Amino acid sequence: MMPLIIDCHGHFTTEPPEHHAFRAAQVAYAEGKSSDLPVYPGIPDKQLHDIIEANQLKIQRERGSHVTLLSPRASGMGHHVPGLSVAKEWSRLSNDNVGRIVDMFPDNFAAVCQLPQTVDGDLSDVIEELERCVENGFVGCNLNPDPSGGRWSAPPIYDPWWDPMWEAMVALRVPAMIHVSSSCERCLHMTGAHYINADTAVFMQLIQGDLFERHPELKLLIPHGGGAAPYHWGRYRVLSIMLEKPGLDTHLMNNVFFDTCVYHQAGIDTLFRVVDIKNILFGSELLGAVKAIDPETGHPFDDTKRYIDQLTLDDEQRHAVFEGNARRVYPLLDERLRKRGL
């Protein structure tokens, strides 16, 4: 099989205006600002095809990756919006659009689902949507540890409250990318603070708990390079000792993985110096939060393959980061690719 470059972190962030207008009307209904329940207009096949061809697929080809794990817009998940029925409809519509994209471009994308989480809801409907998506060929999910949008009202992810979710994921053989959505707090910028705070907070929660002792087959991916964790690795090693936990290597790092959505060379250098290669998956957040050209290099900030190419990795290490680790963490992806001869 030919070597592949698998991007583990991509989003459908090029939705047409009608999609956003529907969501605005849906949120207004959910918040009691409108009495009209909107009807989703849908995205015609040709329009959806042309959008992906001109954006995600174009960039994928230009930057030299082959397969992107595609999920709905993370900031658009909006788990703070009230109402389970709204959350269920919004997740289903969002996931179905991603599923259609994968059906249109089966060699270029694999689907990762959004979940209908709510601030005060339980996990039964979340698990039901996950099961539906996996039945339809999805290979993973995005799980929000803080549906409240920065208020952190949910239990920590090591709390047994989450156990039904972990059990379902293990049974279905899917990992979760731990990814928050919108920030509802003025003091927490969404992508610059809320996202990175959540990545870091979850890593600390995992140190505090015993999640992987209870669920040894569970796999969790912390995006954005693991937040601040690699930069403060010594702090977390010390805290693990002070909390009388095992070392990080055995306590967490057989089950926790980081992507490479870090947008400068020094950050990538640090990630690879601190974290074992087996725990790093190539990711660029293809059409995510960072859409600008770096004036110092003349290249897009989010072309993270360029940073990795500057490292002195041997062939085995490159294969692990660009392909092997993703196939191992996402076993349904591996099966999908093998069926397609990839």
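Above this text is the structure in question.
Residues numbered from 1 in each chain as written. Predicted model: local features only at pLDDT ≥ 70, side-chain atom pairs only at ≥ 80, totals over all residues. Heavy atoms only, no water.

Colleague: I tried to follow the pattern of salt bridges on my own but got confused; where do I start?
Modeller: When charged atoms on two side chains of opposite charge get close, those side chains can pair. A complete count under the given rule lists 21 salt bridges for this structure. For Glu-31, the salt bridge identified is with Lys-33, shortest N-O distance 3.2 Å. Residue Glu-335 is joined to Arg-173 by a salt bridge in which the shortest nitrogen-to-oxygen separation is 2.6 Å. You can see Glu-335 sitting in helix H14 (residues 331-339) and its partner Arg-173 sitting in the loop between helix H6 (163-172) and strand S5 (176-178), a full 162 residues away along the chain. Its relative accessible area of 39% is what places Arg-173 among the partly exposed residues. One salt-bridge network, in which partners are shared between bridges, spans Glu-323, Arg-327, Asp-334 and Arg-338. (Salt bridge = Lys/Arg side-chain N within 4 Å of Asp/Glu carboxyl O. Helix = DSSP H or I, 4+ residues; strand = E, 2+ residues; numbered from the N terminus. Buried < 20%, exposed > 50% of the residue type's maximum accessible area, 1.4 Å probe, protein only.)

Colleague: It is not clear to me how the sheet that holds strand S6 (residues 220-222) should be interpreted in this structure. Could you clarify?
Modeller: Strand order in this open sheet of 8 strands is S1-S2-S3-S4-S5-S6-S7-S8, and the pairing throughout is parallel. The open sheet is flanked by strand S1 (6-12) and strand S8 (280-281), the only strands paired with a single partner. Across 2 bridges, strand S7 (residues 256-259) lies against S8 in parallel orientation. The partner of Asp-259 across the bridge, within S8, is Leu-281. (Pairing = 2+ DSSP bridges.)

Colleague: Looking at this structure, how should I read the environment of Glu-129?
Modeller: Structurally, Glu-129 is set in helix H5 (residues 124-135). Residue Glu-129 is classed as buried on the basis of its relative accessible area, which comes to 6%. Through-space distance from the C-alpha of Glu-129 to that of Lys-88 is 8.0 Å; in sequence the pair is 41 residues apart. Beyond its immediate sequence surroundings of up to four residues, Glu-129 is in contact with Ser-91, Arg-92, Asn-95, Gln-114 and Pro-116. (Contact = heavy atoms within 4.5 Å.)

Colleague: I tried to follow empty space enclosed by the protein on my own but got confused; where do I start?
Modeller: Which parts of space are left empty comes out when a probe the size of a water molecule is rolled across the atoms. Enumeration over the complete set of coordinates arrives at 3 cavities of 30 Å³ or more. Lining the largest cavity are Asp-7, Ile-59, Gln-60, Arg-63, Ser-65, Phe-282, Ser-284, Leu-286, Asp-302, Asp-303, Thr-304 and Lys-305. Mapped by element, the contributors of at least two residues to the lining of the largest cavity are helix H3 (56-63) and helix H12 (304-309). Considering each element in turn, the lining of the largest cavity owes the most residues, 3 residues, to H3. One number sums up the size of the second largest cavity: a volume of about 60 Å³. Looking at the lining of the second largest cavity, the element that brings in the most residues is helix H4 (residues 84-104), giving 4 residues. (1 Å grid on protein atoms, 1.4 Å probe; cavity = no way out; pocket = protein on both sides within 12 Å on 5 of 7 lines; lining within 4 Å. Points joined across faces, edges and corners; volume = space filled by probe spheres on them.)

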